[in-house]
Amino acid sequence: MQTENLVMRDIGPSTEPYIYTFSVSNFKDEKRLETMAKYKIKITTTTNLPFTYELYKQDGTELNNVSLGETINQDSDGMYLRNIETAEYEFGYTSDETDIYQLYIYYPTGYDTYEYQNMVENISINIDSKQVLENDSV
């Protein structure tokens, strides 16, 4: 499991999305997985700002829209969190593999008012992975 946090301070309302690129690999340095693996991308955000999200996966030179499941839940402190999740993806173990993603974050121009000044949105991207034995993947 790996998590990366983005704190969105310097983004303003725009017709253009803010784009954050990240990748998921089955290797690091000279070491590669020794079994197959499955992973999901889980994105958790605060709901302070009216952002909308799209996730794209690079396939060669094309970007393909990734289907996302989204829920909003309240935590034990009363804070509302948006939970976004992808389907599972699979990596082999015989060669190095990397999946590249782009998270598009939209902040509509209609929200360019004083109410939203100095508000911060936290975005956490979590890669939740597990090893899969070859017999389990069938």
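The structure presented is a predicted model; accordingly, all values stated were derived computationally and were not measured.

Along its length, the chain carries 0 helices and 12 strands. Moving toward the C terminus, one meets the helices and strands of the chain in the order β-β-β-β-β-β-β-β-β-β-β-β. Within the span of the chain, comprising 138 residues, buried residues form 32% of the whole. Put simply, 80% of the contacts in the chain that link residues at least 6 apart link residues at least 24 apart. As presented, the chain carries roughly 9100 Å² of accessible surface, and 43% of it is formed by carbon and sulfur atoms.

Moving on, we get to the sheet that holds strand 11 (residues 98-106). With respect to topology, 4 strands assemble into an open sheet ordered 2-11-6-7, the strand pairing being antiparallel. At either margin of the open sheet sits one strand with a lone partner, and together these are strand 2 (18-25) and strand 7 (62-66). Within the sheet, the average angular offset between the axes of one strand and its neighbour, ignoring direction, is 30°.

Inspection of the secondary structure assignment puts D99 in strand 11. Relative accessible area serves as the criterion here: at 14%, D99 is assigned to the buried category. A polar atom in the side chain of D99 sits 2.5 Å from the side chain of Y39. Residue contacts for D99: discarding those within four places in its chain leaves F22, S23, V24, Y39, K57 and F91.

Grouped together as the largest cluster of nonpolar side chains are 22 residues, with contacts concentrated most on F22, Y39, I41, Y101, L103 and I125. Residue contacts for F22: discarding those within four places in its chain leaves I41, L55, D99, I100, Y101, L103, I125 and I127.

Summed over the entire model, instances satisfying the criterion amount to 9 aromatic pairs. Seen in terms of ring centroids, Y20 and F22 are 6.1 Å apart; in terms of plane orientation they differ by 25°. Their pairing is stacked. The exposure class of Y20 is buried, given its relative accessible area of 14%. For F22, a relative accessible area of 10% puts it in the buried group. For the ring pair Y89 and Y101, a centre distance of 6.2 Å and an interplane angle of 65° mean the geometry is edge-to-face. Linking Y89 in strand 10 (residues 89-91) with Y101 in strand 11, this pair joins segments that are 12 residues apart in sequence. Put simply, the rings of Y20, F22, Y39, Y89, F91 and Y101 touch in pairs and so form one group of aromatic residues.

Looking at where L81 falls in the secondary structure, it is placed in strand 9 (residues 80-85). Sequence-wise, L81 and N48 are 33 residues apart; in three dimensions their C-alpha atoms are separated by 9.2 Å. Apart from residues lying up to four places away in sequence, L81 is in contact with T44, T45, T46, T47, T71, I72, N73 and D75.

What follows deals with the environment of N122. With respect to the secondary-structure elements, N122 resides in strand 12 (residues 121-132). Taking the C-alpha atoms as reference points, N122 and L81, 41 residues apart in sequence, are found 9.8 Å from one another.

Looking at the chain, pLDDT values average 88 and 89% of them are 70 or higher. The spread of mean pLDDT over the elements of the chain runs between strand 1 (residues 2-8), the lowest at 63, and strand 9, the highest at 96.

Cut-off values and rules
Residues numbered from 1 in each chain as written. Predicted model: local features only at pLDDT ≥ 70, side-chain atom pairs only at ≥ 80, totals over all residues. Heavy atoms only, no water. Helix = DSSP H or I, 4+ residues; strand = E, 2+ residues; numbered from the N terminus. Buried < 20%, exposed > 50% of the residue type's maximum accessible area, 1.4 Å probe, protein only. Contact = heavy atoms within 4.5 Å. Areas by Shrake-Rupley, 256 points an atom, 1.4 Å probe, with all protein chains shown as cover. Pairing = 2+ DSSP bridges. Axes fitted to C-alpha atoms, helices over the stretch in contact; angles between N-to-C directions. Polar contact = N/O pair within 3.5 Å; in protein donor to acceptor, adjacent residues only side chain to side chain. Core = buried A, V, L, I, M, F, W, Y, C linked by side-chain atoms within 4.5 Å. Phe/Tyr/Trp six-rings, centres within 6.5 Å; stacked < 30°, edge-to-face > 60°. pLDDT = per-residue confidence, 0-100.

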